[in-house]
Amino acid sequence: MKHVVQKHLAQSIATMQATLADLHIADTIVTIAEITANAMQAGRKLLVAGNGGSAADAQHLVAEFVVRLAANRPALRAIALTTDSSILTAAGNDFGFDSIFARQIEALGQPGDVFLGISTSGNSPNILKALHQARELDIITVGFSGNGGGQMRDLCDHNVIIPSDTTMNIQECHLALEHIFCMAVERFYFAPAFDSPSQPLESSLPQVLLQTS
């Protein structure tokens, strides 16, 4: 079995290396981080959704924004649309599983928000419907996918498409990029405080940020 372990580690590393080599992915992460930071500074928020492992990613990423990633700082506005069992089951029962995220975007979304849909295939029906709903509300749409982007590709203002068709390797790259995305949003939002190592971040932030974030 050791060769199986080594084979899959090598496959994971190869996918990460291919992602690293795709300069468009790095450019897109920087772009969406700046857009998200600007949206948050304007009083808007990040909405995130996915299914299965991507649902776990959505919750994980939102936890980093609301609580912290690596440094203490004010909370940032982000909501995972995967967590409220009453909403999910009511929407699924009354309108169908394809509507569980779109219904929440209809209720919670505002123009200028950012919606991040995560789907390794790029074809998850409830993510596609959520993207349609977001576009109707003038919400900025971002897709994290693989498999060439699937149907999501044409519905997103910005796409991060992992160069792989293997679900677990796509998810591994998604998680790494989600952490980097959060880190970049922090730096756009709180700069130049993040670049001052001489004092704790919170003590170096302008009071207006501490009061409004």
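This one's a predicted model, so the numbers in the text were calculated from it and none came from an experiment.

Summing up its helical and strand segments, the protein chain has 9 helices and 5 strands in all. Starting at the N terminus, the α and β elements of the protein chain follow one another as α-α-β-α-β-α-α-β-α-β-β-α-α-α. Across the protein chain, the fraction of contacts at a sequence separation of at least 24, relative to all contacts at a separation of at least 6, is 70%. About 10,300 Å² of surface is accessible on the protein chain, with carbon and sulfur atoms providing 56% of the total.

On to the sheet that holds strand β1 (residues 46–50), then. Each strand in a sheet pairs with another by means of backbone hydrogen bonds, the pair being arranged parallel or else antiparallel. Read from one edge to the other, the open sheet built from 5 strands follows the order β2-β1-β3-β4-β5, with strand pairing classed as parallel. Each edge of the open sheet carries a strand with a single partner, namely β2 (78–80) and β5 (158–161). Strand-to-strand twist of the sheet, defined as the mean angle between neighbouring strand axes without regard to direction, takes the value 15°. The pairing of strand β3 (residues 114–118) with strand β4 (residues 140–145) spans 5 bridges and is classified as parallel. When the bridges of β4 are listed, Val114 appears paired with Ile140. On top of the sheet, helix α6 (residues 125–136) reaches β1, β3 and β4; it is set at about 165° to β3, its chief contact.

Another point: the packing of helix α5 (residues 100–108) against α6. Helices that pack against each other are described as a pair by the angle of their axes relative to one another and the distance between those axes. At a minimum axis distance of 7 Å, the contact between α5 and α6 shows a crossing angle of 20°. Relative to α6, the element α5 is oriented roughly parallel. For the element pair α5 and α6, the recorded crossing hand is right-handed. Contact residues: Ile100, Phe101, Ala102, Ile105 and Glu106 in α5; Asn126, Ile127, Lys129, Ala130, Gln133 and Ala134 in α6. Looking at the contact of α5 with α6 residue by residue, the class counts come to 7 nonpolar, 2 polar and 2 charged.

Cut-offs used in this document
- Residues numbered from 1 in each chain as written.
- Predicted model: local features only at pLDDT ≥ 70, side-chain atom pairs only at ≥ 80, totals over all residues.
- Heavy atoms only, no water.
- Helix = DSSP H or I, 4+ residues; strand = E, 2+ residues; numbered from the N terminus.
- Contact = heavy atoms within 4.5 Å.
- Areas by Shrake-Rupley, 256 points an atom, 1.4 Å probe, with all protein chains shown as cover.
- Pairing = 2+ DSSP bridges.
- Axes fitted to C-alpha atoms, helices over the stretch in contact; angles between N-to-C directions.
- Parallel < 35°, antiparallel > 145°, perpendicular 65-115°, else oblique.
- Left-handed = near helix turned anticlockwise from the far one by under 90°.
- Nonpolar A, V, L, I, M, F, W, Y, C, P; charged D, E, K, R; others polar.

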